[in-house]
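# Analysis of the macromolecular model
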Amino acid sequence: MGTPMCQQLHNSGIDLCIWNRNSEPSRDLSEKLNRTTVYKTPAEVALNCDIIITMVTDAPAVEAIVFGKNGIAESCRSSSLLIDMGTTSVIQTRNFSKKLSAMGGSWVDAPVSGGTTAAANGSLTIMAGGRKESFDRALPFLKIMGERITYVGEVGAGQIAKSANQMIVGLTIGAVAEAFTLARHNGVEPEKIREALFGGFAHSRILELHGERMIKEDYAPRAKCSIQRKDISEAIELANSVNLSLPSLATNLKLWDYMVENGLEDLDHSALLLAIDPLNR
């Protein structure tokens, strides 16, 4: 996700200071794009930029690059604005924001939806949380990368919106997979079921895109099962923090657990069909 997002920023005339845990993508990007400088540590990036965007896998990764050794926080100053565009635990996001604020910096959580295709097109859906003045400062940069941008509320609100998104995605992928399995085992091809449902109440982007991948058995990763499992787990963590029971989500998590436990974690999340219909394996 980070590479096409950098491309969009660069195309808008912005000079880039970049760092990646794996140095090879950064080096390749700097060779491709002028006005792009690769730094050895996140702290060096923060030293040379007032606006810092992170796009990493999970809360531990965010914590490591912001507050770890040679992290962003080491170079934090009053003008520093950190925009976390990954999908990060709501509880941890709020903790991170308080910690950075005590150092003088500001935090905006701005997770995205739309995958690598939308990132490459600059058409990401972005849900943002943070102080309004911080969001307003981040907005010009978010507009470069996204097409639909919503200010949801205070710090953590963007991540709550992303949790809701991932809940609906995960549950709907499971529903489509179960519907296709039911049809196949009763003599009707899923392709015809998908066609028949278009335009009705069951029509969705999941049915369109992920349903097609299931039919074609195209499980090349766009969003990995391991990431979907992490997102569902974080939604349950958030529910538990306010004493909520979400039974459908708890059941859905077991399917993602199955994918990880059976070595299927690096497949696209449409491959959840394999946890429901063993005949497809």
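As the structure is a computational prediction, the values presented were derived from the model and not from experiment. (Residues numbered from 1 in each chain as written. Predicted model: local features only at pLDDT ≥ 70, side-chain atom pairs only at ≥ 80, totals over all residues. Heavy atoms only, no water.)

## Quick word on the overall build of the protein
- Across its full length, the protein carries 13 helices and eight strands.
- Computed over its C-alpha atoms, the radius of gyration of the protein comes to 20 Å, within 12% of the 19 Å expected for a compact globule of 281 residues.
- Intrachain contacts of the protein at a sequence separation of at least 6 include 65% that bridge at least 24 residues. (Helix = DSSP H or I, 4+ residues; strand = E, 2+ residues; numbered from the N terminus. Rg over C-alpha atoms; globule rule 2.2 N^0.38 Å. Contact = heavy atoms within 4.5 Å.)

## With respect to the side chain of glutamine 228
- With respect to the helices, strands and loops of the structure, glutamine 228 is situated in helix H11 (residues 225-241).
- Within the structure, the side chain of glutamine 228 is placed 3.1 Å from the backbone oxygen of glutamine 166, a separation counted as a polar contact.
- Ignoring sequence-local partners within four residues, the contact set of glutamine 228 consists of Gln166, Val169, Gly170, Trp256 and His269. (Polar contact = N/O pair within 3.5 Å; in protein donor to acceptor, adjacent residues only side chain to side chain.)

## Quick notes on the pattern of salt bridges
- Under the defined criterion, the tally for this structure stands at 13 salt bridges.
- Among the ionic pairs, lysine 132 bridges to aspartate 136, the shortest N-O distance being 2.8 Å. One end of the pair, lysine 132, and the other, aspartate 136, are both in helix H7 (residues 132-145), four residues apart, so they sit about a helical turn from each other.
- Look at aspartate 136 and you get partly exposed, because its relative accessible area is 38%.
- As a salt-bridge pair, arginine 213 and aspartate 268 come within 3.1 Å of each other at their nearest N and O atoms. A residue pair is termed long-range when its members are at least 10 positions apart, and arginine 213 in helix H10 (residues 205-216) and aspartate 268 in the loop between helix H12 (247-261) and helix H13 (273-276) qualify at 55 residues. The same class applies to arginine 213 and to aspartate 268, which are both buried. (Salt bridge = Lys/Arg side-chain N within 4 Å of Asp/Glu carboxyl O. Buried < 20%, exposed > 50% of the residue type's maximum accessible area, 1.4 Å probe, protein only.)

## Thoughts on the packing of helix H8 (residues 157-184) against H11
- Running from N to C, H8 and H11 cross one another at 120 degrees; their axes reach a closest spacing of 9 Å. Classified by the interaxial angle, the pair formed by H8 and H11 is oblique. For the pair H8 and H11, the crossing hand works out as left-handed. For the pair H8 and H11, the contacting residues are Ile160, Ser163, Gln166, Met167, Val169 and Gly170 in the first and Gln228, Asp231, Ile232, Ala235 and Leu238 in the second.
- Residue classes in the contact of H8 with H11 are distributed as six nonpolar, four polar and one charged. (Axes fitted to C-alpha atoms, helices over the stretch in contact; angles between N-to-C directions. Parallel < 35°, antiparallel > 145°, perpendicular 65-115°, else oblique. Left-handed = near helix turned anticlockwise from the far one by under 90°. Nonpolar A, V, L, I, M, F, W, Y, C, P; charged D, E, K, R; others polar.)

## Some points on the environment of serine 163
- On the secondary structure map, serine 163 appears in helix H8.
- Expressed as a C-alpha distance, the spacing of serine 163 and serine 89, which sit 74 residues apart in the sequence, is 8.8 Å.

## So, a nonpolar patch on the surface
- On the surface, Val242, Leu244 and Leu246 cluster together into a nonpolar patch covering about 250 Å² of accessible area.
- Residue valine 242 is classed as exposed on the basis of its relative accessible area of 54%. (Patch = residues over 30% accessible without salt bridge, like charges linked within 9 Å, V, L, I, M, F, W, Y side chains within 5 Å. Areas by Shrake-Rupley, 256 points an atom, 1.4 Å probe, with all protein chains shown as cover.)

## Focus: unusual backbone geometry
- Positioned with a positive phi, asparagine 70 is a non-glycine residue whose angle comes to about 60 degrees.
- Mapping asparagine 70 onto the fold places it in the loop between helix H4 (59-67) and strand E4 (81-84).
- With a phi angle near 55 degrees, glutamate 217 is a residue other than glycine that sits in the positive phi range.
- Within the secondary structure layout, glutamate 217 lies in the loop between H10 and H11.

## Remarks on the packing of aromatic side chains
- Applying the stated criterion to the full structure yields three aromatic pairs.
- Relative to phenylalanine 96, the ring of phenylalanine 67 lies with its centre 5.8 Å away and its plane at 45 degrees, an arrangement referred to as tilted. With phenylalanine 67 in helix H4 and phenylalanine 96 in helix H5 (residues 90-102), the pair connects residues that are 29 residues apart, well separated along the chain.
- Classification of phenylalanine 67 by relative accessible area gives buried; the value is 17%.
- Of the aromatic side chains, those joined through ring pairs into one cluster are Phe67, Phe96 and Trp107. (Phe/Tyr/Trp six-rings, centres within 6.5 Å; stacked < 30°, edge-to-face > 60°.)

## Topic: the packing of H8 against H10
- The geometry of H8 relative to H10 is characterised by a closest axis approach of 10 Å and an angle of 50 degrees between their N-to-C directions. Relative to H10, the element H8 lies oblique. Seen from above, H8 lies across H10 with right-handed handedness. Within the contact between the two elements, H8 uses Val169, Thr172, Ile173, Val176, Ala177 and Phe180 and H10 uses Ile206, Leu207, His210, Gly211, Met214 and Ile215.
- Grouping the constituent residues of the contact of H8 with H10 by class yields nine nonpolar, three polar and no charged.

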